[in-house]
Amino acid sequence: MISIQAVTYPIDFNEKAYTALAGLIRSSNYSSIFILVDNNTITHCYPRFIKLLETDKKIEVIEIEAGEVNKNINTCVGVWNAMTELGADRKSLLITLGGGVITDLGGFVASTFKRGIDFVNIPTTLLSMVDASVGGKTGVDLGVLKNQIGLFTNPKMIVLDPEYLQTLSAREIRSGTAEIIKYGMTHDIHLFNEIKDNIKLNIVDLIHRSIEIKNEVVLEDPKENGIRKALNWGHTIGHGVESYFLESSHKENLTHGEAIAVGIICETYISSKLTGFPLNKVKSVKNAIITIYGKVPVIEGDFNAILNFMKHDKKNINGEINFVLLEDFEKFKINCKVSNELIKESLKYYNE
Ligand code: GLY
């Protein structure tokens, strides 16, 4: 699998990536290596990783609790303290081994520790492979508000090893699939069709193509001033739904992808009302997504609370909720304004 060159770092695939990582460690003369894991990846991914990591440097492992609820500044303080106690210095390297929580939080911790140390991302979930670990966004949640604190900062490299996917549940794979659907609808409809029709699903090819798309977008707009906003397709309502379910004690938490799936259906409906997305395609998007994800229990009594969470979306300017909508597949429009009524109508459409 051909490596992908991001702005300042390579994304290397399979065993070749471990050779590249060993080369980076040798040439950078790191003083020590810290590996950030969670209670899942320590068991399921770390044994493979440590077997393939070639180095004679001192290694320390720092473990945090898995899950979005731990993606917060308290966890960062714990990791900064552990690094300090274990003697990390400015020439230490932090390797993040995990899903989006680990790569987002780890990149943030590394970039702020002693004003910034190097880090390498080793995404182990599909979600993190195709989205979170690529593109330089790092950070944590503020309460249940997603990714409110953070910075743009790039890893030294990404090790993309699809073998780690073997450790995931079907639900986690579905979660990452929502991001591939996003790239499909906004940039390359073949990706969406392959998932929809479940034909020749070569997951490594889907990952590679998704990263290619993301990388092209990020190279053009690294700080999300323009076209990178398209990568938030489905996320404006999706994040609102995700935060609401995280906060509600009477709702079971959704995976990120399950929430984004709701968002994609709603935002497709809104696109048909505001930007001319063809009506017949709205139905087929809804059918395809419900077939994969089932129906999430979003009832009318939830709508106002979901809207309230959307008011904190990072794309909002002057308090206005800012959407990316589609005129058709592969034709997106950024900075669209949508009324509260239409957002609620779209949630109703999801429910029908
Ligand atoms: N997850 C969307 C982006 O990285 O821009």
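Since this is a predicted model, take the numbers as computed values, not measurements.

Some remarks on the overall build of the protein
- Regarding its fold elements, the protein presents 14 helices and 11 strands.
- Computed over its C-alpha atoms, the radius of gyration of the protein comes to 20 Å, within 12% of the 20 Å expected for a compact globule of 352 residues.
- For the protein, the spread of C-alpha atoms along the three principal axes comes to 60 × 40 × 35 Å.
- Across the 352 residues that make up the protein, the buried fraction comes to 57%.
- At a minimum sequence separation of 6, the contacts of the protein that also span at least 24 residues come to 77%.

A word on the side chain of Ser272
- Turning to its location among the elements, Ser272 is positioned in helix H11 (residues 256-274).
- Ignoring sequence-local partners within four residues, the contact set of Ser272 consists of Phe277, Leu279 and Val282.

So, the site of the ligand
- The ligand sits among Asp131, Lys137, Lys214, Glu224, Arg228 and Leu231.
- A distance of 2.6 Å separates an oxygen atom of the ligand from a polar side-chain atom of Lys214.
- Considering only residue class, the shell around the ligand consists of one nonpolar, no polar and five charged.

Overview of the nonpolar core
- Of all hydrophobic cores here, the largest spans 92 residues; its most connected members are Ile11, Leu21, Phe49, Phe323 and Ile343.
- Counting residues per element, this core draws most heavily on H11, which supplies nine residues.
- When residues no more than four places from it in sequence are discounted, the contact partners of Ile343 are Ile237, Ile270, Leu307, Met310, Ile321, Phe323 and Val338.
- Core analysis: the next-biggest nonpolar cluster, separate from the first, contains 19 residues, Phe34, Cys76, Ile102 and Phe108 among them.

Some thoughts on the pattern of salt bridges
- In total, this model carries 18 salt bridges according to the counting rule given.
- Among the ionic pairs, Arg209 bridges to Asp188, the shortest N-O distance being 2.8 Å. Highlighted residues: Arg209 in helix H9 (residues 203-220) and Asp188 in the loop between helix H7 (170-186) and helix H8 (189-197), separated in sequence by 21 residues.
- In this structure, Lys251 and Asp302 form a salt bridge, with 2.8 Å as the shortest nitrogen-oxygen distance. Here Lys251 is found in the loop between helix H10 (235-247) and H11, whereas its partner Asp302 is found in the loop between helix H12 (279-293) and helix H13 (303-310), with 51 residues between them in sequence. Of the two residues examined, Lys251 and Asp302, each falls in the buried class.
- Within this structure, Asp131, Glu179, Lys182 and Lys214 form a network of salt bridges that share partners.

A few points about the sheet that holds strand S3 (residues 32-38)
- Spatially, the seven strands line up as an open sheet ordered S1-S2-S9-S6-S5-S3-S4, and their pairing is mixed. Edge positions in the open sheet fall to strand S1 (4-5) and strand S4 (59-64), since each of these has one partner strand only.
- Where S3 lies against S4, six bridges are found, and the strand directions are parallel. Note that in S4 the partner of Ile35 across the bridge is Val61.
- Helix H1 (residues 14-28) contacts strand S2 (10-13), S3, strand S5 (92-98), strand S6 (118-123) and strand S9 (157-160) of the sheet and is inclined by roughly 150 degrees relative to S9.
- Across the sheet, helix H5 (residues 100-112) lies against S3, S4, S5 and S6, angled at about 165 degrees from S5, the strand it touches most.

Section: the pairing of strand S7 (residues 137-142)
- Judged from the five bridges that link them, S7 and strand S8 (residues 145-152) form a sheet pairing that is antiparallel. Bridged to Lys137 within S8 is Phe152.
- Linking S7 to S8, which pair antiparallel, is a turn of two residues; within it Gly143 sits at a positive phi near 60 degrees.

As for the packing of aromatic side chains
- Using the criterion set out here, one finds six aromatic pairs in the structure.
- When the centroid spacing of 6.1 Å and the interplanar angle of 50 degrees are considered together, the rings of Trp80 and Phe108 count as tilted. One end of the pair, Trp80, is in helix H4 (residues 73-85); the other, Phe108, is in helix H5, with 28 residues separating them in the sequence.
- Phe108 sits in the buried class, given a relative accessible area of 7%.
- Taken together, a centroid distance of 4.6 Å and an interplanar angle of 20 degrees make the contact between Tyr269 and Tyr349 stacked. Taken together, the positions of Tyr269 in helix H11 and Tyr349 in helix H14 (residues 340-351) put the pair 80 residues apart, joining distant regions of the chain.
- In this arrangement the basic side chain of Arg48 is found over the ring face of Tyr164, its NZ or CZ atom lying 5.9 Å from the centre.
- When the ring centre of Tyr183 is taken as reference, the NZ or CZ atom of Lys182 above it lies at 4.8 Å.

Calculation notes
Residues numbered from 1 in each chain as written. Predicted model: local features only at pLDDT ≥ 70, side-chain atom pairs only at ≥ 80, totals over all residues. Heavy atoms only, no water. Helix = DSSP H or I, 4+ residues; strand = E, 2+ residues; numbered from the N terminus. Rg over C-alpha atoms; globule rule 2.2 N^0.38 Å. Buried < 20%, exposed > 50% of the residue type's maximum accessible area, 1.4 Å probe, protein only. Contact = heavy atoms within 4.5 Å. Near = heavy atom within 4 Å. Polar contact = N/O pair within 3.5 Å; in protein donor to acceptor, adjacent residues only side chain to side chain. Nonpolar A, V, L, I, M, F, W, Y, C, P; charged D, E, K, R; others polar. Core = buried A, V, L, I, M, F, W, Y, C linked by side-chain atoms within 4.5 Å. Salt bridge = Lys/Arg side-chain N within 4 Å of Asp/Glu carboxyl O. Pairing = 2+ DSSP bridges. Axes fitted to C-alpha atoms, helices over the stretch in contact; angles between N-to-C directions. Phe/Tyr/Trp six-rings, centres within 6.5 Å; stacked < 30°, edge-to-face > 60°. Lys NZ or Arg CZ within 6 Å of the ring centre and 35° of its normal.

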